[in-house]
Amino acid sequence: MTATDLLKRFRRYLRLERSYSPNTIDAYMQDIARLASYLAARPASDAASSSTFTDVTLGDLQSFLADLYDVGISPRSQARILSGIRAFYKFLVLDGFMQQDPTELLLSPKVGEHIPEVLSTEEVDMLIDAIDLTADEGQRNRAIIETLFSCGLRVSELVTLTLSCLYLDDGYIRVIGKGNRERLVPVSQRAIDELALWFAQRDAMRIRPGEEDYVFLNRRGAHLTRHMIVHIVKDLAVKAGIKKNISPHTLRHSFATALLEGGADLRSIQVLLGHEKISTTEIYTHLDMSHLREDILNCHPRNIRYRSEHP
């Protein structure tokens, strides 16, 4: 079977058996393409090297990771690329194309813990205040920001949100997350009000056939893309004078952090975010600890006295 055939089967496996999103599938395929390019570029005279997927050894993969390091790929990006490679070789073993998985003993690069950027409620208000309501897309963008912050959605969940998934009279929306897992998420009254104002404008639009059920549409009556949401958020951050490097995902982090600081338990936040593992949600406990440290430094009497003595 050719490499092209293997890749087609792998893509089908990710889509049908693993139910991965198109974005995840594309990322994994790019990871495998990067490995294929590396193998093809290796000198034919190197007898210790393999040039086909099914002949790859642990040593080949170690050299591949070393090459990623040499070209300046960060440890975090190396680890993400490696996740696609691991999935590919797990598939090859499961389908009988290989007897042993060469990634089993492959060590992952050490990745330092990354604390995500978050916005305060005041900074979210600054984003919203920066929206020009006289523009055609103004009210739509207000509804987008409120929905992201109110519900903690991934950007992929926002752009695929449909009218049939809204239960606004009951205060909930149904979200289709990773792996087609569904969850019900409460939505704030403020977000509901902003959505109602957007729907009044949306109802007057000419909507493309097949796009009628999407909540958020562009001027041409088609649903928004991930890239458009990223552009909207970054543009508003500039207009609001927010210096942080933010994205739509920052509003998801901000949602979780606000809940944790407000007293919500970690398990509830896990359910609301649609995290499969509680370990993914635990990052927000570190965010909370960083805020506690700031509170101690700013409020403890010994720190206050020290600052007054050492201006």
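Look up a bit, the structure's there.
Residues numbered from 1 in each chain as written. Predicted model: local features only at pLDDT ≥ 70, side-chain atom pairs only at ≥ 80, totals over all residues. Heavy atoms only, no water.

**What to know about unusual backbone geometry**
Residue Ser19 is not a glycine yet carries a positive backbone phi of 55°. In this fold, Ser19 is placed in the loop between helix H1 (3-17) and helix H2 (22-41). Looking at Ser19, the relative accessible area reads 23%, which means it is partly exposed. (Helix = DSSP H or I, 4+ residues; strand = E, 2+ residues; numbered from the N terminus. Buried < 20%, exposed > 50% of the residue type's maximum accessible area, 1.4 Å probe, protein only.)

**Comments concerning the packing of helix H5 (residues 121-129) against helix H6 (residues 138-151)**
Packed helix pairs are characterised by how far apart their axes lie and by the angle those axes make with each other. One way to put it is that H5 packs onto H6 with a least axis distance of 10 Å and a crossing angle of 160°. For the element pair H5 / H6, the angle class is roughly antiparallel. Like other packed secondary-structure pairs, H5 and H6 cross with a definite hand, here right-handed. Here Thr121, Val124 and Ile128 of H5 come into contact with H6, specifically with Arg142, Ile145, Glu146 and Phe149. Residues of the contact of H5 with H6, tallied by class, amount to four nonpolar, one polar and two charged. (Axes fitted to C-alpha atoms, helices over the stretch in contact; angles between N-to-C directions. Parallel < 35°, antiparallel > 145°, perpendicular 65-115°, else oblique. Left-handed = near helix turned anticlockwise from the far one by under 90°. Contact = heavy atoms within 4.5 Å. Nonpolar A, V, L, I, M, F, W, Y, C, P; charged D, E, K, R; others polar.)

**Brief notes about the side chain of Gln270**
Along the chain, the position of Gln270 falls in helix H11 (residues 266-273). Its relative accessible area of 6% is what places Gln270 among the buried residues. A distance of 2.9 Å separates polar atoms of two side chains, one belonging to Gln270 and the other to Arg267. Every residue in contact with Gln270, bar those within four places of it in the chain, is listed here: His275, Glu276, Lys277, Ile278 and Thr281. (Polar contact = N/O pair within 3.5 Å; in protein donor to acceptor, adjacent residues only side chain to side chain.)

**Let's talk about the sheet that holds strand S1 (residues 166-167)**
Taken in spatial order, the three strands of this open sheet run S1-S2-S3, and their pairing is antiparallel. One side of each edge strand has no neighbouring strand; the edge strands of this open sheet are S1 and strand S3 (182-186). (Pairing = 2+ DSSP bridges.)

**Brief notes about H1**
A rise of 1.5 Å per residue sets the reference length of H1, with its 15 residues, at 21 Å; its end C-alpha atoms lie 20 Å apart and thus fit the reference within 8%. Taken residue by residue, H1 has Leu6, Phe10, Tyr13 and Leu14 as its buried positions. One side of H1 carries all its buried residues, which in axial view fall inside an arc of 95°. Exposed residues pointing more than 90 degrees away from the buried face of H1 are listed as Lys8 and Leu16. Residues of H1 that are buried make contact with H2 and helix H4 (75-94). Positive phi appears at Ser19, one or two residues downstream of H1, with a value of about 55°. (Expected span 1.5 Å × (residues − 1). Arc of directions from axis to C-beta.)

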